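# Descriptive analysis of the structure
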Amino acid sequence: MRVLGIETSCDETAAAVVTGERRVLADVVRSQLEDHAPYGGIVPEIAARAHIEALDGIIAEAMDRAGIGFDALDAVAATGGPGLIGGVIVGVMTGKAIAAARGIPFVAVNHLEGHALTPRLTDDAGFPYLLLLVSGGHCQLLIIEGVARYRRLGTTIDDAVGEAFDKTAKMLGLGYPGGPVVEDRAAHGDGARFTLPRPMKGRPGCDFSFSGLKTAVRHAIEALPAGGPGPEDIADLCAAFQHAASDALCDRTRNAMEIFRDRHAEPPTLVVAGGVAANLYLRQALQVLATDQGFDFIAPPQQLCTDNGAMIAWAGVERLRLGLTDGLDFAPRPRWPLDPDAPKAAFAGVKA
Ligand code: KG4
Ligand code: ZN
């Protein structure tokens, strides 16, 4: 089985070919960073236009590197949401066109499902597992019971953790995206110099909050002597932020581990996925937590944590196997919760 995967929901134009035997034949990602850099953040219209311009070439390159023709594909999968709607439409239309022209099935993949199923591609993870999904737009704890069977245990009541990394970087003048550069500066910093809060720590449940942490970073910057933060201040603040964010994530994950153990008899596994899962400090902290709690721990290779086409192609493989394909009338979904039955986050709408 060979599936082409297309990802266009945010600021990466990506295409990949993945087989049913978990082989990634090609995985091509084009970042739009330079297109958005002058604006200090992602501009949806620019993203959509850049996807239109790049996607055909990215798909051609992926097919070329995979060394196969379109006639060797069993299906086409494209991110159907959630995300920036202009970009999602570009990917979905292109995927449908290829499927229609070749007479093969089209699979609409939930972007979060792509992240959620990645450990099955990379590590052959068996169901069920506990997933900490941490990206620029989402921060959730879920039990992945099977394909299309996702139980959300908690979510953020305000910012996603990736967003908090990005806003911290912006306040420190470090550009976008913030995660990699904050991690880099933090490596040279003293995390003990600034005391930052661990939002929600010690509270029951699995919900997250990061806006208070972001505000605390702003106050710490404002309290510095005139002239703004110097390189040492920046490194120390990045280290303190990364430490606090990881601590908060681990605290909520520990509560989720208890729930997982109550519900499932299988040997427990913790998985981290999404862009922030590329952070080595967080991976290390989660590894320690997992070992301490008797959980196996899986963190996919870093390039498969941030957005990519392979995760969409793989989710396509999993869905195709179960006959979960979509019609050409599939409508892109800007919002698309993984667990439609999830209760609203505690204190939802209240900024911490
Ligand atoms: O999954 P992703 O590529 O896109 C979304 O679906 O949102 O995640 C992007 C997010 C950004 O907020 C980025 O700053 C963060 O992942 N990120 C990181 C690192 N690499 C990317 N955060 C912390 N440390 C990193 N090394
Ligand atoms: Zn993502």
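Just above, that's the structure.
A quick note: this is a predicted structure, and the numbers were derived from the prediction, not measured.

What counts as what
Throughout, a residue's number is its position along its own chain's written sequence, starting from 1. Chain A is the first chain written and ligand 1 is the first ligand written, with later ones labelled in order. Local features are withheld for residues below a pLDDT of 70 in this predicted model, meaning they are given only at 70 or higher, and side-chain atom pairs are given and counted only at 80 or more; totals for whole chains, interfaces and linings count all residues. With hydrogens and water set aside, each side-chain value is computed from the structure's full complement of heavy atoms. Here the term donor refers to an N, O or S atom within 2.8 Å of the metal (or 3.2 Å for Na, K and Ca), and because water is left out of the atoms, sites may appear incomplete. A run of DSSP states H or I qualifies as a helix once it reaches four residues; a run of E qualifies as a strand once it reaches two. Both are numbered from the N-terminal end. Residue burial is assigned from relative accessible area. The probe radius is 1.4 Å, only protein chains are included, and a residue is buried under 20% of its type maximum, exposed over 50%, and partly exposed in between. Salt-bridge detection follows one rule: a side-chain nitrogen of Lys or Arg within 4 Å of a carboxyl oxygen of Asp or Glu. The contact criterion used is simple: two residues touch if any of their non-hydrogen atoms lie within 4.5 Å. Polar contacts here mean pairs of N or O atoms no more than 3.5 Å apart (in protein, one a potential hydrogen donor and the other a potential acceptor; neighbouring residues in sequence count only if both atoms are side-chain atoms).

## A closer look at the coordination of the zinc ion (ligand 2)
The zinc ion (ligand 2) binds to the protein through His111 (NE2), His115 (NE2) and Asp307 (OD); the donor distances cover 2.1 to 2.2 Å. Motif for the zinc ion (ligand 2), donor spacing along one chain: H-x3-H-x191-D. Of this pair, His111 sits in helix H4 (residues 111-123) while Asp307 sits in the loop between strand S10 (296-298) and helix H10 (310-321), placing them 196 residues apart in sequence. Accessibility expressed as a relative area gives 7% for His111, which makes it buried.

## So, the pattern of salt bridges
By the definition in use, this model includes 19 salt bridges. The salt bridge partner of Asp251 is Arg252, with a shortest N-O separation of 3.1 Å. For Asp251, a relative accessible area of 9% corresponds to the buried category. The shortest N-O distance in the salt bridge between Arg254 and Asp251 comes to 3.8 Å. In this pair, Arg254 and Asp251 both sit in helix H8 (residues 231-263), three residues apart, roughly one turn of the helix. The partly exposed category is assigned to Arg254, whose relative accessible area is 33%.

## Regarding the environment of Tyr150
Note that Tyr150 resides in strand S8 (residues 149-155). Linking Tyr150 and Val24, residues 126 residues apart in sequence, is a C-alpha distance of 25 Å. In contact with Tyr150, other than residues within four places in its own chain, are Glu113, Leu117, Leu142, Ile143, Ile144, Leu338 and Asp339. A polar atom in the side chain of Tyr150 sits 2.6 Å from the side chain of Glu113. At a separation of 3.0 Å, a polar atom in the side chain of Tyr150 contacts the main-chain amide nitrogen of Ala148.

## Quick notes on unusual backbone geometry
Omega for the peptide link from Gly81 to Pro82 comes to -15°, which places this bond in the cis form. Residue position: Pro82 is located in the loop between strand S4 (75-81) and helix H3 (85-102). Here Tyr176 and Pro177 are connected by a cis peptide whose omega angle stands at -10°. By secondary structure assignment, the location of Pro177 is in the loop between helix H5 (161-171) and helix H6 (178-186). In this structure, Arg22 takes a positive phi of about 70° despite not being glycine.

None of the figures reported here should be taken as evidence of function without further support.
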